Amino acid sequence: MNKSLQILFLLLFCAGTANATKLKGHVYDKQTGEAIVGATVVLDNPRRITNTGLDGTFEFKDVKVGATTISVSYITYKTIVKTVTVVKEDNDHLKFYMESDSQSLDDITIKTNAVSSTDQGARRLEKNATQLMNIVSGKSIEISPDLTVANVMQRVSGVSIERNSNGDGQYAILRGMDKRYNYTLVNGVKIPSPDNKYRYVPLDLFPADILDRLEVYKTLTPNLEGDAIGGAINMVMKNAPRQLQVNANVSTGYSQLFFDRKFTSYNASGIQYKSPYELNGKNYTATQNDFTKGTLDYKYKNPAPNLIGSLSIGKRFFDEKLGVILAGSYQNTYRGSNSTFYNNAVVGTNAFASITSKSYREFSEQQQRTGLHGKIDYVFNKDHQISFYNVYVNLKNQQVRDAVFTTYNGVYNPTAGNAELVYDTRSRLTEQQIYNSTLHGDHHFLDNKFKVQWSAVYSSAKNDVPENTSIILNGVEQNFQRKRTTLVNTNPVTRRWERNTDEDLAGYLDLTYHLLTGTDKLDIMAGGLYRDKQRSSFFNNYNMAPSAANAFDVYGINFQNYTDLNLVVSNPTGAVANSLTYDATEKIGAGYGMFKYASAKLEIVGGARVEHTNQGYNLLFAAGESFPKGNQVYTDVLPSLTAKYFLTEKAQLHASYYKALNRPGFYEIAPGKVVNEEFQERGNPNLQRALADNYDLRYELFPGASEQLLIGAFYKKIKNPIEYTFQADATRGQDIYYTPRNFGTANNYGAEVDYIKYFSKIGLKANYTYTHSRIVTTKTTRTINATTGDIQALSVDQERPLYGQSAHIANLSLLFKDTKKGWDAQVAGAYTGQRINTVSQFLNNDLWQKGVIQMDASAEKRFKGGMSVFIKANNILNTPTKLFIKGTNPENDKINEDLVKNGNTLIRSDYYGQNYLVGFRYKFN
């Protein structure tokens, strides 16, 4: 009986299999013909559900022969329901073309996050953009390993990043042009920098998860501000969705660095944000009791786990006329680095620097990063819409740098006996913040022929470093045991206050008139802006000396607390009279005129922008400078022309020319000097703005919804490029300053390839950029005078690349996406070739950064109900940053520390450790 049942079951199974087959299909956007990723496909009888893959395909297996119903749905598209007949073999490859379901409010289309934050939306924006640009979508950011905008930037073709002391990205270098040559926008509005000297914005302030997308402009049009020789970075914040949408995530993790060593911290709760000079008046005499003890009370422990979270809530109300969205992000992380630095100097007639001392430094940093974004928009009718948005970001960095400097009788020779040691510990709290508030309006008149857009903007930026405290002690090494002995003889303890604020008031106006409509379109545009910037900078310093001898014991055991030191303030009224206490102003007025012509095969945008600049400074406490007050006034005409030729519906040629400028930083034109920890810095009142002619040509192919192939070339000719170099004082040759200068004319050219391709569940993102630049600078070399026998300095010209420019930059990401099972995963690698880190005054002694590979990974698994779990891992290879000089002094070969390799001398190496994160995400929409 059992055998009969088994036979019957087998026959039924075979019969069912004989009447089952596969059913495959593809889902497209009807308007663009692009594949739609992640669309839901439902098969009836029996009910089964799947999602389209990365190439827009879907497949059902073991489908019963006969008539069945298939429905296809995707957010912002109309649902398709179709009846098909399934046969045993050779079923047609089904094709579904979905129409947009974006509701119109009297012809004003509401753009939702669901479109603009996807990879498909990013590719569409790149294709339709007037200027050459690259976009990273909000979806790509969400599933990437990156937590800050700075780290996201390294995924863009032609972009490399500068890292801070804990290994996180901080500044972006576009196409080999230093960070000074680009500017940063939020929703198309330029924001100020919290830096106390320069214009560039530290991108590690911005949590990546408050963005809708990240846009990188590589060319300019006349309606964009003209001070971007390298390009511009536009952070587009989230918009209100049509339906209620809630996105939340929370995660935790740890740094491998602190599995291997302790985290150093101090008590920052008692820090005074204002110096005694500010609190008590300029004639106040400060004592030791006016300063907090917590900055000298060090703790060595394992840090708490990292904590990261974000939340966004948005919806449209009143028939979708009113849109509201609120988004926030908080990150509390513990990072650090272990750094070895070999101090060096060019001595006598040696061609290359010799190592004079060695320092080992441990950085421990607690970073608290906050980002808030809110936007309200209201659509009155088909012709009038208004929006009000606010962005606030804040980064608190509580850092301890613990350093030990080692010498042997004034040189670095570990075989010379007991070492002479200097211990230098610094506790520093830095708080940077940026706030932007923009009221924006869009209006149409004359039956939609005339468009007016305007913005009223208030922005502020602040950098605050209160009670930056350092303590320096002498030490000795006896029988390989290190000891701290006494405070250094002169002013071993310093406390510094640094603070600067920027306030911008700006107004934008853009006018567009549709002169021709139909097959050939012609738009005439004009507009301008006015910005009034007020900047103030404050610096104060107190030096403290011992009133009696102080002795300590073995390093790392019983001298972590210096709160009981008996110190006398050497300068009790402070040192506010310095060149970093200054005011600066900048007033910029700009106007432009441009046209846009579009036909079936061609699009041309051209015009010119005029910018008038009045930039000034006022040193509040002049110290003998020739120009304690000064300003620069100039006007620039900046033409541009952009053309697109449409080869097919998916392929086009994109060409551009534009002229741009780069203004000096606010402090760069002030003649005062600043004494930094490792060198002296001084401004240059004769510094001129840089001007550049920029040429671009790119072939653009968009074969699928999320796919692209971009092949381009660029050329930049820069007049008076601004670079920093060490220079001797013209009147006092023994003083060396790090100062900005103009260097004639520089050329920068290169090529880019950007490729994105998907194969069902597997995706590939790759880009490569080659950049070549040349600049001629004056260097110093030393020789023996044949007549007198004295050492004499000679000036020679040397050709080199631009500061910060890498010849080779590449990215490769391997993606896996299974929409049916809810998996996203990627492994991402970024390569940055060698580049100049510091420009030396001496011939062949520039400091280079070794080429590095940064490897990161992430994965996410989605579950029903909008829940998902994710992991992120950064710096998987623990790649160090290494600096070297191309050449070596014979004396360096005697140091048995593997410093000299392939003719190069290692100067610095920084290790950051791996970072791991695991978290949960919830989405409701």
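Residues numbered from 1 in each chain as written. Predicted model: local features only at pLDDT ≥ 70, side-chain atom pairs only at ≥ 80, totals over all residues. Heavy atoms only, no water.

Caption draft 1: A look at the overall build of the chain. Of regular secondary structure, the chain possesses seven helices and 52 strands. Rg of the C-alpha trace for the chain: 31 Å, near the compact-globule value of 29 Å for 925 residues, within the 12% margin. With respect to the principal axes defined by its C-alpha atoms, the chain has extents near 100 × 80 × 60 Å. Looking at the 925 residues of the chain, the share that counts as buried comes to 56%. Considering only intrachain contacts with a sequence separation of at least 6, the fraction spanning at least 24 residues in the chain is 71%. Just so you have it, the chain exposes about 38,900 Å², and 55% of that area is on carbon and sulfur atoms. Taking the average location of the 103 positive side-chain charges in the chain and that of its 89 negative ones, the two points are 4 Å from each other. (Helix = DSSP H or I, 4+ residues; strand = E, 2+ residues; numbered from the N terminus. Rg over C-alpha atoms; globule rule 2.2 N^0.38 Å. Buried < 20%, exposed > 50% of the residue type's maximum accessible area, 1.4 Å probe, protein only. Contact = heavy atoms within 4.5 Å. Areas by Shrake-Rupley, 256 points an atom, 1.4 Å probe, with all protein chains shown as cover. Lys, Arg positive; Asp, Glu negative; His and termini not counted. Charge placed at Lys NZ, Arg CZ, Asp CG, Glu CD.)

Caption draft 2: Expanded view of a nonpolar patch on the surface. There is a patch of nonpolar side chains on the surface, built from Leu244, Val250, Leu307, Leu311, Ile313, Tyr330, Phe863, Met867, Phe920, Tyr922 and Phe924 and spanning about 970 Å² of accessible area. Of all the secondary structure elements, the ones that give two or more residues to the nonpolar patch are strand 20 (306-317) and strand 52 (915-924). Along the polypeptide, Ile313 turns up in strand 20. (Patch = residues over 30% accessible without salt bridge, like charges linked within 9 Å, V, L, I, M, F, W, Y side chains within 5 Å. Salt bridge = Lys/Arg side-chain N within 4 Å of Asp/Glu carboxyl O.)

Caption draft 3: Fine view of the sheet that holds strand 2 (residues 40-43). As summarised here, the arrangement of the four strands in space is 3-2-5-6, forming an open sheet in which the pairing is antiparallel. One side of each edge strand has no neighbouring strand; the edge strands of this open sheet are strand 3 (48-51) and strand 6 (80-86). Strand-to-strand twist of the sheet, defined as the mean angle between neighbouring strand axes without regard to direction, takes the value 25 degrees. Relative to strand 5 (residues 66-73), strand 2 runs antiparallel, the two being bridged by four bridges. (Pairing = 2+ DSSP bridges. Axes fitted to C-alpha atoms, helices over the stretch in contact; angles between N-to-C directions.)

Caption draft 4: Region of interest: the confidence of the model for the chain. For the chain, the mean per-residue pLDDT works out to 88, and 91% of the residues sit at or above 70. Low pLDDT (under 50) marks residues 7-18, which in the prediction has one contact with non-local residues, meaning those over four places away or in another chain. Note on residues 102-113: pLDDT is under 50 here. Beyond four places in sequence and across chains, it has 38 contacts. (pLDDT = per-residue confidence, 0-100.)

Caption draft 5: How the structure looks around the side chain of Asn694. Among the structural elements, Asn694 can be located in strand 36 (residues 690-701). On the basis of relative accessibility, which here comes to 0%, the residue Asn694 falls in the buried class. Separated by 3.0 Å, the side chains of Asn694 and Lys716 make a polar contact. (Polar contact = N/O pair within 3.5 Å; in protein donor to acceptor, adjacent residues only side chain to side chain.)

Caption draft 6: Geometry of the pattern of salt bridges. All told, the structure shown has 49 salt bridges when counted by the stated rule. Linking Lys533 and Asp504 is a salt bridge whose minimum nitrogen-to-oxygen distance equals 2.9 Å. Here Lys533, found in strand 28 (residues 521-546), pairs with Asp504, found in strand 27 (residues 493-516); they are 29 residues apart in sequence, far enough to count as distant. Here Lys533 and Asp504 have matching classes, each one buried. Through salt bridges with shared partners, a single ionic network connects Lys190, Glu225, Asp227, Asp502, Asp504, Arg531, Lys533, Arg535, Arg609, Glu611 and Arg663.

Caption draft 7: Structural detail: the packing of aromatic side chains. For the structure shown, the criterion picks out 22 aromatic pairs. Their ring planes at 40 degrees and their centres at 5.9 Å tell us that Tyr74 and Tyr77 sit as a pair that is tilted. The cationic tip of Lys179 hangs over the ring face of Tyr171; the distance from NZ or CZ to the ring centre is 5.6 Å. (Phe/Tyr/Trp six-rings, centres within 6.5 Å; stacked < 30°, edge-to-face > 60°. Lys NZ or Arg CZ within 6 Å of the ring centre and 35° of its normal.)

Caption draft 8: Representation of unusual backbone geometry. Non-glycine residue Asp319 carries a positive phi angle of around 60 degrees. If you trace the backbone, Asp319 turns up in the loop between strand 20 and strand 21 (322-345). If you check the backbone angles, Asn720 has positive phi at about 60 degrees while not being a glycine. Looking at where Asn720 falls in the secondary structure, it is placed in the loop between strand 37 (708-719) and strand 38 (722-728).

Caption draft 9: Summary view of helix 3 (residues 119-128). Counted residue by residue, helix 3 has seven buried out of 10 residues, so it is predominantly covered. Within helix 3, the full set of buried residues consists of Asp119, Gln120, Gly121, Ala122, Arg123, Glu126 and Lys127.

Caption draft 10: Fine view of the nonpolar core. Among the nonpolar cores identified, the biggest contains 42 residues, and Tyr266, Phe291, Tyr298, Ile355, Ile471, Tyr542 and Tyr562 are the most heavily contacted of them. If sequence neighbours within four positions are ignored, Phe291 has contacts with Pro276, Ala286, Glu467, Arg495, Trp497, Tyr542, Met544 and Val569. Membership of the second largest hydrophobic core comes to 36 residues, among which are Tyr181, Leu580, Ala690 and Ala692. (Core = buried A, V, L, I, M, F, W, Y, C linked by side-chain atoms within 4.5 Å.)

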